[in-house]
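The lines below spell out each chain.
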Amino acid sequence: RAEAEAEHRLGVRRLLLLGITPPWKQVLARLDTRQRLALGHNPHGSVPALLGDCLAAAVDAVSQDHLGHAVRSRGDFEAALSAVRTHSTTRLVGVVAQVVPILTLHLELTNALAAAATSANQRLRPLLADVRAQLRELVRPGFVADTGAARLPDLDRYLRAVQVRLDKAPTNLARDALALEQVELVESRYADLLERLRPSQRAAADVVEIGWMIEELRVSLFAQGLGTAYTVSPQRVLRAIAKVAA
């Protein structure tokens, strides 16, 4: 059922996108020079591809906000399409405004990693390798729609947690190493779970949520001052993995 719901959600999104004319001119006209430059530093390969990702997230958000449940009938679809045609431009502008600081911070972190890689301190290597892998997962082609408009503020917080971790790294390597062991344990179990699932099953809500739990765990371990969305621990993550695997 979870696999079917994941496929259904993507199919409905595609139909809604086919039913509208993308408002590129209106959106681009509202961007200032700083925002345009920030959007150029994206993993998608081009600004149009990034904006398409943002539009997909906007369409998902409008449909959910105005319908409140999954599209299951012609009436549902027509209501969702009407809402998307009316509100997608405004929502898209909002999504782009959220993505700009995310991409700006991502670029800063990427540059910080490059600078840290020149350090003679070999003990930094595990930390830097872990952060690179984390950033590749968080900010990748399709990350905006995959994250969802509602969770973009969380994504910004996860990146700020990385920044805190890197800032503390030179004087915090022993504690960082202990925390990294906890992260690697749950990530290894999560990778084993994903390996056993078909690709479309990996998009199921309960499976995806475990990935976000691990990001919350990282915040609690490496940047506790930023706060987490809910109580999280390695044990809670492992229990969630076991529940899906059962």
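Presented here is an overview of the structure given in this document. (Residues numbered from 1 in each chain as written. Predicted model: local features only at pLDDT ≥ 70, side-chain atom pairs only at ≥ 80, totals over all residues. Heavy atoms only, no water.)

1. Considering the overall build of the protein chain
This is how it is decided: Labels follow the DSSP assignment, with helices taken as runs of H or I lasting at least four residues and strands as runs of E lasting at least two, numbered in each case from the N terminus. Two things to know: the radius of gyration comes from C-alpha atoms, and the globule rule equals 2.2 Å times the number of residues to the power 0.38. Accessibility here uses a 1.4 Å probe with only protein chains present; expressed as a share of the type maximum, an area under 20% marks a residue as buried, one over 50% as exposed, and anything in between as partly exposed. Here the accessible surface of atoms and residues is derived via Shrake-Rupley with a 1.4 Å probe, and residues count as covered only by protein chains that are part of the display.
Along its length, the protein chain carries 11 helices and zero strands. The order of α-helices and β-strands along the protein chain, N terminus first, is α-α-α-α-α-α-α-α-α-α-α. The C-alpha radius of gyration of the protein chain comes to 19 Å, within 12% of the 18 Å expected for a compact globule of 246 residues. Overall, the protein chain is about 60 × 50 × 30 Å in size when its C-alpha atoms are taken along their principal axes. Across the 246 residues that make up the protein chain, the buried fraction comes to 42%. By element, 54% of the accessible surface of the protein chain is carried by carbon and sulfur atoms, the whole surface being about 13,000 Å².

2. Here's the deal with the layout of surface pockets
Put simply, the rule is: A 1.4 Å probe that fits but cannot get out identifies a cavity on a 1 Å grid over protein atoms alone, an open set with protein on both sides within 12 Å along at least five of seven lines counts as a pocket, and a residue lines either if it has an atom within 4 Å of a point. Grid points are joined across faces, edges and corners, and a volume is the space filled by probe spheres set on the points. Classification used: nonpolar for Ala, Val, Leu, Ile, Met, Phe, Trp, Tyr, Cys and Pro, charged for Asp, Glu, Lys and Arg, polar for all others including Gly.
Approximately 1,600 Å³ is the volume found for the largest pocket. In terms of lining residues, the largest pocket is bounded by 44 residues, among which A145, D146, T147, V208 and W212 are the most central. Taken together, the elements giving at least two residues each to the lining of the largest pocket come down to α1 (2-18), α4 (47-67), α6 (125-138), α7 (143-147), α9 (173-196) and α10 (205-222). Classifying every residue of the lining of the largest pocket gives 20 nonpolar, eight polar and 16 charged. Taken together, R165, K168, N172, R175, D176, L178, A179, Q182, L221 and F222 form the lining of the second largest pocket. Listed by contribution, the elements that provide at least two residues to the lining of the second largest pocket are α8 (152-168), α9 and α10. With five residues, α9 is the largest single contributor of residues to the lining of the second largest pocket. Broken down by class, the residue content of the lining of the second largest pocket amounts to four nonpolar, two polar and four charged.

3. A few points about the packing of α9 against α10
Keep this limit in mind: In this description, a line fitted to the C-alpha atoms serves as the axis of each element, helices being fitted only across the stretch in contact, and the angle between N-to-C directions of two axes falls anywhere from 0 to 180 degrees. Should an angle lie under 35 degrees it is considered roughly parallel, over 145 roughly antiparallel, and from 65 to 115 roughly perpendicular; all remaining angles are considered oblique. Residues count as neighbours in contact if any of their non-hydrogen atoms are within 4.5 Å of one another.
At their nearest, the axes of α9 and α10 sit 10 Å apart, and the two run at 175° to each other. What the angle tells us is that α9 and α10 run roughly antiparallel. Here α9 contributes D176, A179, L180, Q182, V183, V186, E187, Y190, L193 and L194 to the contact with α10, which in turn contributes V207, V208, I210, G211, I214, L217, R218, L221 and F222. For the contact of α9 with α10, the per-class residue count stands at 14 nonpolar, two polar and three charged.

4. A few points about α8
We apply this condition: The length a helix should cover is 1.5 Å for every residue beyond the first.
Between the first and last C-alpha of α8 there are 25 Å, a value that for 17 residues agrees with the 24 Å anticipated at 1.5 Å per step. Those residues of α8 hidden inside the fold are in contact with α5 (74-116), α6, α7, α9 and α10.

5. Details of empty space enclosed by the protein
One pass over the structure, following the stated rule, counts one cavity of 30 Å³ or more. Each pocket or cavity is described by its volume, and for the largest cavity that value is around 50 Å³. Put simply, the parts of the chain that give the lining of the largest cavity at least two residues each are α8 and α10. Each residue belonging to the lining of the largest cavity can be placed in one class, and the counts come to five nonpolar, one polar and three charged.

6. Quick word on the pattern of salt bridges
Spelled out, the test is: A pair is scored as a salt bridge if a Lys or Arg side-chain nitrogen falls within 4 Å of a carboxyl oxygen belonging to Asp or Glu.
This structure, assessed with the given rule, holds 12 salt bridges. With a closest N to O distance of 2.9 Å, R151 and E209 form a salt bridge. Taken together, the residues R151 in the loop between α7 and α8 and E209 in helix α10 connect sequence positions 58 residues apart. A salt bridge links R157 to D154, with the nearest nitrogen and oxygen atoms 2.9 Å apart. Of this pair, R157 and D154 both sit in helix α8, three residues apart, which is roughly one turn of that helix.

7. A short note on the packing of aromatic side chains
Using the following cut-off: A pair of aromatic rings is counted whenever rings of Phe, Tyr or Trp (Trp by its six-membered ring) have centres within 6.5 Å, and the orientation is called stacked for planes under 30 degrees apart, edge-to-face for over 60 and tilted otherwise.
In total, this model carries one aromatic pair according to the counting rule given. Between Y158 and W212, the aromatic rings sit 5.9 Å apart at their centres with planes inclined by 25°, giving stacked as the arrangement. Here the residue Y158 occupies a position in helix α8, and W212 occupies one in helix α10, the gap between them amounting to 54 residues. Accessibility classification places Y158 together with W212 in one group, the buried group.

8. Quick notes on the nonpolar core
Stated formally: Remark: nonpolar core denotes a set of buried residues (Ala, Val, Leu, Ile, Met, Phe, Trp, Tyr, Cys) joined through side-chain atoms within 4.5 Å.
Among the nonpolar cores identified, the biggest contains 57 residues, and L39, V95, V96, V99, F143 and V144 are the most heavily contacted of them. Elements with a minimum of two residues in this core: α1, α3 (33-40), α4, α5, α6, α7, α8 and α10. For this core, the element with the most residues is α5, which contributes 14 residues. When sequence neighbours within four positions are dropped, the list of residues in contact with F143 reads P43, H44, L50, D53, V99, I102, L103, L138 and L155. In this structure, L197, L217, V232 and I241 belong to the second largest nonpolar core, which totals 14 residues.

These results come straight from atomic positions and should not be treated as a statement about function.
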